[in-house]
Amino acid sequence: ASSRLLDTDAVAVQGSTFIRNARGRRFSALARAVDAEFFVTHFVYFPAMQVLASSGYFGGSNALWRTSVLAAYRFDETMLTEDVDVSARALLDGQTIAFCPEARSGELSPAGPRALIAQRLRWFMGWEQVTHKYYWRVFVSSLPLPRKLGFCYLFHLRWVLLLAAVLAAVVAAVAAAVAA
């Protein structure tokens, strides 16, 4: 990740995250499900974002920032997902965030269903807060069209992507049941 940051004009490099406790004797179905979700996020959605918009985005953990840039943007403590907010501001200002999936870090799965729901509710509310705050700004910005599309992919279209993922899972399950 540090090499990628030094070799590009990116202001940050986002790595990937995996769930450390998804395997072994003390694994849980929840940990495996979250690990699978993170795999798809870091190896499908994020690379698609980078191809679509020529930029990644920073979300959560495992990222390196140029110190001067992060100091200039600073985290907004009023935002529920200050990481997503600082990404949105950087992207809207035309900054580039690189993605480096081979830079992996492990974290623990939420302790149980209630912890997962609390975490995801905060994430949901935070993404909604950021989307609402910057919803129209992307359309009037001077960003090139691919950057605008990338921003919309991340924020405006996430409901469409979520619906498509749920439908794909249901269709796959029905198709598997019919084939069996």
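Our subject is the structure that appears above.
Not measured: the values here are computed from a predicted model.

Novice: Hey, could you run me through unusual backbone geometry in this one?
Specialist: Trans is the prevailing form of peptide bonds, just as negative phi is the prevailing case for residues other than glycine. The phi angle at Asn62 is positive, at roughly 60 degrees, despite the residue not being glycine. Inspection of the secondary structure puts Asn62 in the loop between helix 2 (29–53) and strand 2 (63–65). A positive phi is found at Arg74, a non-glycine position, where the angle reads about 55 degrees. On the basis of relative accessibility, which here comes to 57%, the residue Arg74 falls in the exposed class.

Novice: How should the sheet that holds strand 3 (residues 97–107) be read in this particular structure?
Specialist: Remark on secondary structure: sheet strands pair via backbone hydrogen bonds, oriented parallel or antiparallel. Ordered by their spatial adjacency, 3 strands build an open sheet running 2-1-3, and the pairing between neighbours is mixed. In the strand order of this sheet, the two ends are held by strand 2 and strand 3, each with one partner. Within the sheet, the average angular offset between the axes of one strand and its neighbour, ignoring direction, is 25 degrees. As paired elements, strand 1 (residues 12–19) and strand 2 share 3 bridges and run antiparallel to each other. When the bridges of strand 2 are listed, Gln14 appears paired with Ala63. In the packing of helix 2 onto the sheet, contacts are made with strand 1 and strand 3, and the angle to strand 1 comes to roughly 155 degrees.

Novice: What exactly am I supposed to notice about the environment of Ala180 here?
Specialist: On the secondary structure map, Ala180 appears in the segment after helix 8 (158–179). Judged by its relative accessible area of 86%, Ala180 is exposed. On a C-alpha basis, the gap between Ala180 and Pro47 in space is 34 Å, while along the polypeptide they are 133 residues apart.

Novice: What is the right way to look at empty space enclosed by the protein in this model?
Specialist: Where empty space is left can be seen by rolling a probe of water-molecule size over the atoms. One pass over the structure, following the stated rule, counts 1 cavity of 30 Å³ or more. Lining the largest cavity are Met49, Ala53, Leu91, Arg147, Gly150 and Phe151. When contributions to the lining of the largest cavity are tallied by element, the ones reaching two or more residues are helix 2 and helix 7 (145–154). Broken down by element, the lining of the largest cavity gets its largest block of residues, 3 residues, from helix 7. Here the lining of the largest cavity is built from residues that sort into 4 nonpolar, 1 polar and 1 charged.

Cut-offs and rules
- Residues numbered from 1 in each chain as written.
- Predicted model: local features only at pLDDT ≥ 70, side-chain atom pairs only at ≥ 80, totals over all residues.
- Heavy atoms only, no water.
- Helix = DSSP H or I, 4+ residues; strand = E, 2+ residues; numbered from the N terminus.
- Buried < 20%, exposed > 50% of the residue type's maximum accessible area, 1.4 Å probe, protein only.
- Pairing = 2+ DSSP bridges.
- Axes fitted to C-alpha atoms, helices over the stretch in contact; angles between N-to-C directions.
- Contact = heavy atoms within 4.5 Å.
- 1 Å grid on protein atoms, 1.4 Å probe; cavity = no way out; pocket = protein on both sides within 12 Å on 5 of 7 lines; lining within 4 Å.
- Points joined across faces, edges and corners; volume = space filled by probe spheres on them.
- Nonpolar A, V, L, I, M, F, W, Y, C, P; charged D, E, K, R; others polar.

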